[in-house]
Amino acid sequence: MTISRSLRGRAATAVALTATLALTATACGDDGSGGTGAEGSGTGTITFWDNNGGVRTAVWQEIIKDFEAKNPGIKVKYVPIPSEDVQSKYDTAIAGGGLPDVGGVGAAYLANMVAQNALDPVGERIEGSSLKGRLVPGMVESVKSAGGRGDEMYSVPTSASNGVLYYRTDLFKAAGLKAPTTWEAFYTAAEKLTDARNNKFGYTIRGGAGSIAQALDAVYGQSGITEFWNGDKTTVNDPKNVAALEKYVGLYKKATPEADVNNDFKKMNAQFDSGSIAMMNHNLGSYTDHVKALGTDKFAGIPNPVGPGGVRVQVSNPVDGLGLFRTSRNKAAAWKFIEFAASRAANSKWNESAGAIPANTEAAKDPWLEKAQATKLGAQALTDGSTRIVQLPYYLPDWNKISKSENEPNFQKVLLGAMTPKEFLDTLAKQLNEAQAEWNEQLKKG
């Protein structure tokens, strides 16, 4: 990338170093002196950063306990990082030292970390390990694409998710409504299940953190456009997408709570489980939470409604994985942990807990997947040809920055009427086209 956005972002991150020094000093896998690390003895203590700390802490602690029992010479220091903070924590540690040995790395920010040379390639290690031939090919390709370095892999995929429309089957049944399997049925249900006077709403829009991917899922799902790029220009502001966004945000305050402008997934889950919201979009990660709150009789989760011509379109969700950090001084032990975590038993345990789709091909055959309705449907949607997936450009180092810090506030302006859907999508398109042009120029130089 050229200097513009990436280095400005890193400079801003460096300013934040003092505020997070305590974390990077006490939870680190290197001493901040740089270098390329070392293989080490294969024993001793390694540090692992969980990129969804708190939410997935319990299952990781189980996996770590199992790993240490089988590898008594290795101790794993577990550090939970909330998902909303993980990229800034990594950027800060890259700038100032203190990276872990192993860390959870999502595809949405993988390219940014690869561009900063924070991660070791893992392709050869996979080929020489028990994971060879046991990783879902589609997830492998996604990780390669997101890394932006050709066929090289910079993380070991562990799970995939996709967008899910959750709906309260009990409320639909009481209202005499069928499942919202088409966009027409979705909008009809959103209106019919709204009783604002009694604080009951048909839908909830995610207006806070994480809003952009959900909005794009609704936009492309309705427009039926199946490619993110038309040549070197994004389709995000295509007139069909503009019309789709106009209709979608038109639900705000009519069939959704006014507080949705600040909604994140935790608030959405709470509203849905309480029965004040009839439908919500999130990924498979919240499926098990709904089961705990509601059982399996009061809700269901389905892929995006069917759009024009009977075609279902969804945007891609980033594949999650584990990265081996370049500065680790004990890469041999760190790799043993990654290999164990991606093995059938551990990968199955983690994904069953999260309600996500396993990356290990053997784990993907385990019986629990048949019982997890939304996960089963999500896996089918990704593999049976019934769904067209619009691949978001995770390979752009600035993708996460553009889709979060630069445009989440703009989406809130759209909901509040301070920016039109067209202005929003035109702004997003301009930034994406510039980032793509920079990326293409970098490839020419490389």
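These figures come from a predicted structure and were not determined experimentally.

1. Let's talk about the sheet that holds strand β8 (residues 279-283)
Stage number 1. If you walk across this open sheet you meet the 3 strands as β8-β5-β9, and the pairing is antiparallel. A strand with exactly one partner marks an edge of an open sheet, and here the two such strands are β8 and β9 (300-302). The sheet shows a mean angle of 30° between the axes of neighbouring strands, taken without regard to direction.
Stage number 2. The sheet contact formed by strand β5 (residues 163-167) and β9 spans 3 bridges and is antiparallel. Bridge pairing links Y166 to G301 in β9.
Stage number 3. Each of β5 and β8 touches helix α12 (residues 265-274); the most contacted strand, β8, lies at about 140° to it.
Stage number 4. Strand contacts of helix α17 (residues 373-383): β5 and β9, with the helix running at about 10° to β9, the strand carrying the most contacts.

2. Here we look at the packing of helix α3 (residues 57-70) against helix α14 (residues 331-341)
Stage number 1. At a closest axis distance of 10 Å, the pairing of α3 and α14 adopts a crossing angle of 120°. Comparing their axes, α14 and α3 come out oblique. Pair α3 / α14 crosses with right-handed handedness. Contacts from W60, I63, I64, D66, F67 and K70 in α3 reach A333, K336, F337, F340 and A341 in α14.
Stage number 2. In terms of residue class, the contact of α3 with α14 is made up of 8 nonpolar, no polar and 3 charged.

3. Concerning helix α13 (residues 287-294)
Stage number 1. Burial in α13 covers these residues: Y287, T288, H290 and L294. The buried side chains of α13 occupy one side of the element, clustering within an arc of 160° when seen end-on.
Stage number 2. Taken together, the buried residues of α13 touch β5, α12, β8, α15 (344-354), α16 (368-371) and α17.
Stage number 3. One or two positions beyond α13, positive phi appears at G295, with a value near 75°.

4. Examining α17
Stage number 1. When we look at burial in α17, the residues that qualify are A374, T375, G378, A379 and A381. Buried residues of α17, viewed axially, fall in a sector of 160°; they line one side.
Stage number 2. Looking at the residues trailing α17, positive phi occurs at G385, about 85°.

5. Notes on the sheet that holds strand β2 (residues 74-80)
Stage number 1. Ordered in space as β2-β1-β3-β11-β4-β12, the 6 strands form an open sheet in which the pairing is mixed. The two strands at the open ends of the sheet, each matched to only one other strand, are β2 and β12 (357-358).
Stage number 2. Relative to β12, strand β4 (residues 156-160) is paired through 2 bridges, and the arrangement is antiparallel. Pairing of A160 across the sheet is with I357, part of β12.

6. Concerning unusual backbone geometry
Peptide bonds are, in most cases, trans, and in most cases residues other than glycine have a negative phi.
Stage number 1. At N199, a position not held by glycine, the phi torsion is positive, near 60°.
Stage number 2. Of note, N199 is situated in the loop between α9 (183-192) and α10 (211-223).
Stage number 3. Residues other than glycine seldom take positive phi values, yet K253 does so here, at roughly 70°.
Stage number 4. Position of K253 relative to the elements: it lies in the loop between α11 (239-249) and α12.

7. Comments concerning the side chain of D320
Stage number 1. One can find D320 in strand β11 (residues 320-324).
Stage number 2. Despite its burial, D320 pairs with no opposite charge, the nearest such side chain being R56 at 7.8 Å.
Stage number 3. Once residues lying within four places of it in the same chain are set aside, the contact partners of D320 are N51, V105, G106, V156, P157, T158 and S159.

8. So, the pairing of strand β3 (residues 102-106)
Stage number 1. Among the 5 residues of β3, 5 are classified as buried, and the element is accordingly described as predominantly covered.
Stage number 2. Burial along β3 is two-sided: the face carrying V102, G104 and G106 and the face carrying G103 and V105 are both buried.
Stage number 3. Of the strand pairs in this sheet, strand β1 (residues 44-50) and β3 are connected by 2 bridges, and their pairing is parallel. Counted as the bridge partner of F48 is V102 from β3.
Stage number 4. Judged from the 5 bridges that link them, β3 and β11 form a sheet pairing that is antiparallel. Looking at β11, one finds that V102 is bridged to L324.

9. What about the confidence of the model for the protein?
Stage number 1. Residues with a pLDDT of 70 or more make up 92% of the protein, whose mean pLDDT is 89.
Stage number 2. Segment residues 1-34 is flagged for pLDDT under 50; beyond a separation of four residues in sequence, or across chains, it makes 60 contacts in the model.

10. Some details on the packing of aromatic side chains
Stage number 1. One pass over the full model with this rule turns up 25 aromatic pairs.
Stage number 2. Between Y90 and F325 the ring centres are 5.4 Å apart and the planes differ by 35°, which places this aromatic pair in the tilted class. Pair noted here: Y90 is in helix α4 (residues 86-96) and F325 is in the loop between β11 and α14, with a separation of 235 residues, a long-range link.
Stage number 3. Owing to a relative accessible area of 0%, F325 belongs among the buried residues under this scheme.
Stage number 4. The structure contains a cluster of three or more aromatic residues connected by ring pairs, namely F48, W60, F67, Y78, F337 and F340.
Stage number 5. Over the face of the ring belonging to Y187 we find K247, whose NZ or CZ atom lies 4.5 Å from the ring centre.

11. Structural notes on the packing of α4 against helix α5 (residues 107-115)
Stage number 1. Between α4 and α5, whose axes approach to 11 Å, the crossing angle comes to 10°. Between α4 and α5, the angle falls in the class roughly parallel. Facing α4, whose interface residues are V86, Q87, Y90 and D91, α5 presents Y109, N112 and M113.

12. Here's the deal with the environment of K75
Stage number 1. With respect to the helices and strands, the residue K75 is situated in strand β2.
Stage number 2. On the basis of relative accessibility, which here comes to 47%, the residue K75 falls in the partly exposed class.
Stage number 3. The sequence separation of K75 and I46 amounts to 29 residues, and the corresponding C-alpha distance is 6.3 Å.

Basis of the calculations
- Residues numbered from 1 in each chain as written.
- Predicted model: local features only at pLDDT ≥ 70, side-chain atom pairs only at ≥ 80, totals over all residues.
- Heavy atoms only, no water.
- Pairing = 2+ DSSP bridges.
- Helix = DSSP H or I, 4+ residues; strand = E, 2+ residues; numbered from the N terminus.
- Axes fitted to C-alpha atoms, helices over the stretch in contact; angles between N-to-C directions.
- Contact = heavy atoms within 4.5 Å.
- Parallel < 35°, antiparallel > 145°, perpendicular 65-115°, else oblique.
- Left-handed = near helix turned anticlockwise from the far one by under 90°.
- Nonpolar A, V, L, I, M, F, W, Y, C, P; charged D, E, K, R; others polar.
- Buried < 20%, exposed > 50% of the residue type's maximum accessible area, 1.4 Å probe, protein only.
- Arc of directions from axis to C-beta.
- Lys, Arg positive; Asp, Glu negative; His and termini not counted.
- Salt bridge = Lys/Arg side-chain N within 4 Å of Asp/Glu carboxyl O.
- pLDDT = per-residue confidence, 0-100.
- Phe/Tyr/Trp six-rings, centres within 6.5 Å; stacked < 30°, edge-to-face > 60°.
- Lys NZ or Arg CZ within 6 Å of the ring centre and 35° of its normal.

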